[in-house]
Amino acid sequence: MCIRDRIVIGLLRGVVQPGVTYRQAMAWMVDALRECAYAAAAVGVRLCLEPLNRYETDLIHTVAEGLDLIEQVGADNLGLLLDTFHMNIEEADMAAAIREAGDRLFHFHVADSNRRYPGAGHIDFGHLLGTLAEAGYEGFVSGEFLPWPDANTAAERAISYLRSVAPRVSS
């Protein structure tokens, strides 16, 4: 499946509003995701749910919570999009979280600990890219970081840095 056959569900899921219980919000999300996954499956599309940090949403922060939600929805075309910026906040061990996601890892975002391009903070991207390879992940690794000092420079620095730390794969 190519990248255009995926839809990302990030903050789209919202935040629990006053007067709504967490349990009710989760039930609504499960129902909505079932309906969306069913419609998406009919046209060969995967849904990628992105666990976000606690400062942005109060629903689904970790791989474990995401996998639990996926199990409740029960759709093969629902998986996870992991983002190193959010993982750095919520996961005790980012490499273990990648391994835990397993074949439910549908897409991967990179940003450093300060939301700048990889290499501008303290995340060990060489280790994480190696873990992705060991886990058998063959999808895209895409950048989602601040355009600092500008978009072109940030993209160039990210690509250069990631290439320098990526494990060498022999064919």
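Definitions and cut-offs
- Residues numbered from 1 in each chain as written.
- Predicted model: local features only at pLDDT ≥ 70, side-chain atom pairs only at ≥ 80, totals over all residues.
- Heavy atoms only, no water.
- Axes fitted to C-alpha atoms, helices over the stretch in contact; angles between N-to-C directions.
- Helix = DSSP H or I, 4+ residues; strand = E, 2+ residues; numbered from the N terminus.
- Parallel < 35°, antiparallel > 145°, perpendicular 65-115°, else oblique.
- Left-handed = near helix turned anticlockwise from the far one by under 90°.
- Contact = heavy atoms within 4.5 Å.
- Nonpolar A, V, L, I, M, F, W, Y, C, P; charged D, E, K, R; others polar.
- Pairing = 2+ DSSP bridges.
- Right-handed = clockwise from strand over helix to strand, strands pointing away.
- Buried < 20%, exposed > 50% of the residue type's maximum accessible area, 1.4 Å probe, protein only.
- Phe/Tyr/Trp six-rings, centres within 6.5 Å; stacked < 30°, edge-to-face > 60°.
- Core = buried A, V, L, I, M, F, W, Y, C linked by side-chain atoms within 4.5 Å.

(A) Seen up close, the packing of helix α5 (residues 125–134) against helix α6 (residues 151–165). The geometry of α5 relative to α6 is characterised by a closest axis approach of 9 Å and an angle of 65° between their N-to-C directions. Classified by the interaxial angle, the pair formed by α5 and α6 is roughly perpendicular. Classified by chirality, the crossing of α6 by α5 is right-handed. Between α5 and α6, the contacting residues are Phe 125, Gly 126 and Leu 129 on the first element and Tyr 161, Leu 162 and Val 165 on the second. Broken down by class, the residue content of the contact of α5 with α6 amounts to five nonpolar, one polar and no charged.

(B) Inspection of the pairing of strand β1 (residues 6–9) at higher detail. As paired strands, β1 and strand β2 (residues 46–49) are joined by four bridges and run parallel to one another. In the strand pairing of β2, Arg 6 is matched with Arg 46. With helix α1 (residues 22–42) bridging β1 and its parallel neighbour β2, the resulting β-α-β unit is right-handed.

(C) Geometry of the sheet that holds β2. Here we have five strands laid out as an open sheet, ordered β1-β2-β3-β4-β5, and parallel in their pairing. Single-partner strands in this sheet number two, and they are β1 and β5 (141–143). Across this sheet, the average inter-strand angle for adjacent strands is 30°, counted without regard to direction. Running at roughly 145° to β2, α1 makes contact with β1, β2 and β3 (78–83) of the sheet. Relative to the sheet, helix α2 (residues 63–73) contacts β2 and β3, its axis offset from that of β3 by approximately 165°.

(D) Quick look at the environment of Leu 52. Mapped onto the fold, Leu 52 is located in the loop between β2 and α2. What makes Leu 52 buried here is its relative accessible area of 3%. With 42 residues separating them along the chain, Leu 52 and Gly 10 place their C-alpha atoms 7.1 Å apart. The residues contacting Leu 52, other than those within four sequence positions of it, are Gly 10, Leu 11, Arg 13, Thr 57, Ile 60, His 61, His 86 and Glu 90.

(E) Quick peek at the packing of aromatic side chains. Evaluated as defined, the whole model comprises two aromatic pairs. Each ring, one from Tyr 117 and one from Trp 148, has its centre 6.4 Å from the other, and the planes form 15°; the classification is stacked. Taken together, the positions of Tyr 117 in the loop between β4 (105–110) and α5 and Trp 148 in the loop between β5 and α6 put the pair 31 residues apart, joining distant regions of the chain. Look at Tyr 117 and you get buried, because its relative accessible area is 11%. Under the relative-accessibility criterion, Trp 148 is labelled partly exposed at 37%.

(F) Fine view of the nonpolar core. Core analysis: the biggest nonpolar cluster contains 38 residues, and Leu 69, Leu 78, Leu 82, Ile 98, Leu 105 and Phe 108 have the highest contact counts within it. Listed by contribution, the elements that provide at least two residues to this core are α1, β2, α2, β3, α4 (94–101), β4 and α5. Element by element, the count of residues in this core is highest for α1, at seven residues. In contact with Leu 78, other than residues within four places in its own chain, are Leu 33, Leu 47, Leu 49, Ile 70, Val 73, Arg 104 and Phe 106.

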